[in-house]
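# What the coordinates show
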Amino acid sequence: MKKIIYLDNAATTRTSPKVVEAMLPYFTEFYGNASTIYELGTESKKAMNNARDIIADVLGAQANEIYFTAGGSESDNWALKATAEAYAAKGKHIITSKIEHHAILHTCEYLEKNGYSVTYVDVDENGIIKLDELKKAIRPDTILISVMFANNEIGTVQPIREIGQIAHEQGILFHTDAVQAFGQLPINVDECHIDMLSASGHKLNGPKGIGFLYIRKGVKIRSFVHGGAQERKRRAGTENIPAIVGLGEAAKLAAQSMAERTAKEAQLRDYLIGRVLKEVPYTRLNGDRVKRLPNNANFSFQFIEGESLLIMLDMEGICGSSGSACTSGSLDPSHVLLAIGLPHEIAHGSLRLTLSEETTKEDLDFVVETIKKIVERLRSMSPLYEDFVKKNGGERKNVQ
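Source: prediction; values computed, not measured.

Analysis parameters
- Residues numbered from 1 in each chain as written.
- Predicted model: local features only at pLDDT ≥ 70, side-chain atom pairs only at ≥ 80, totals over all residues.
- Heavy atoms only, no water.
- Buried < 20%, exposed > 50% of the residue type's maximum accessible area, 1.4 Å probe, protein only.
- Helix = DSSP H or I, 4+ residues; strand = E, 2+ residues; numbered from the N terminus.
- Pairing = 2+ DSSP bridges.
- Contact = heavy atoms within 4.5 Å.
- Core = buried A, V, L, I, M, F, W, Y, C linked by side-chain atoms within 4.5 Å.
- Polar contact = N/O pair within 3.5 Å; in protein donor to acceptor, adjacent residues only side chain to side chain.

## Remarks on the pairing of strand β3 (residues 93-97)
Of all five residues in β3, five are buried, a share of seventy percent or more. Both faces of β3 are covered, namely the face carrying H93, I95 and S97 and the face carrying I94 and T96. Inspection of the sheet shows β3 paired to strand β4 (residues 117-121) by five bridges, in the parallel sense. Directly across from H93, in β4, lies its bridge partner S117.

## Topic: the environment of I143
Here I143 lies in strand β5 (residues 142-146). For I143, a relative accessible area of 2% corresponds to the buried category. Ignoring anything within four residues of it in the chain, the contact list for I143 reads T83, A84, Y87, K90, G91, H93, I94, I172 and L173.

## Some thoughts on the nonpolar core
Among the nonpolar cores identified, the biggest contains 65 residues, and L59, I145, I194, L197 and F212 are the most heavily contacted of them. With nine residues, helix α9 (residues 241-279) is the single largest residue contributor to this core. Listed in part, the 28 residues of the second largest apolar core include F301, L355, L364 and V368.

## Here we look at the side chain of N286
Within the secondary structure, N286 sits in the loop between β9 (283-285) and β10 (296-301). The class for N286 is buried, based on a relative accessible area of 0%. Here R284 takes part through its side chain, which lies 2.8 Å from a polar atom of the side chain of N286. Looking at N286, its side chain comes within polar contact range of the side chain of S300, at 2.8 Å.

Below you can see the structure in the form of structure tokens.
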């Protein structure tokens, strides 16, 4: 079997062997229902509470502010829908950005169909939200601002502390989708004035199907899943103890290794970006050059289709993405790339590569050489490319 170079860690990560090891006893040995009062069940409850303590400590939060969910999408839906319902008497206006994950955007569309008003704030050419526009969007009936911590496609990190301060000064609740940031960036909910935060286990070498929503004490958010008294009567359903244990272990490992791991990833990311921009003509980097996730590189290659590039990379054992995994199969260009001002034809030629602590410089050298060959081959079949080169006197350059 050919070697696989996995560079799609923004889509999902390999579950850490240490996480799997921590989870295994709760499938067959400590399998009791955490809501029961006998010892087998209380062992499960202890494990769940331990995971809750770990996550709270990573965020600078209290343990009773962490609520386990089935993942980031549920957490986002819960934050928006339940807040909208609970604070409807105060107002029905929500502010978000144009580059949010579809778990936010589609939930906002749902709320708009049910009588709520949503303002979608613009971002600049690097994907950073325009704070002046955010301030101007605030109305007397604004009840919630929801802006992602870091973008899942182009990696741009938002000025979360400033956004939280704006919301705090206006008495508006602030939610952030931190699915890409949790475990990759230091987060303190108090320092950033965050009232609600979404995260997902499988983005930080934990299991799939588990996540959490941080809800600051005092926020009057209602239940999203009804049917039982679990999660302090706010989220019904038998707790998924093995996955919760796995999420806790993954959060602990991510926090312990964050400084060293992300420094290495950022160094390799910059090496990758430097080589691609230097060696592949008519290429641009998407997202802020500095204010970006340590493992994210997103490029647009003119005169090619991203899907063709992905297929040919896969044939060489390289796993990448053209954008969010949740929109795989869509023929539409990325809404994020359009929001930062790219025309459709360039947005269609995008490639997202997201590294892990297992990525090596040798891996990236192979990836760059492979990209060069594939892009050259695809462009050789493009009459638009040949016409463009002829009109520009044969000059080949990169787009910065």
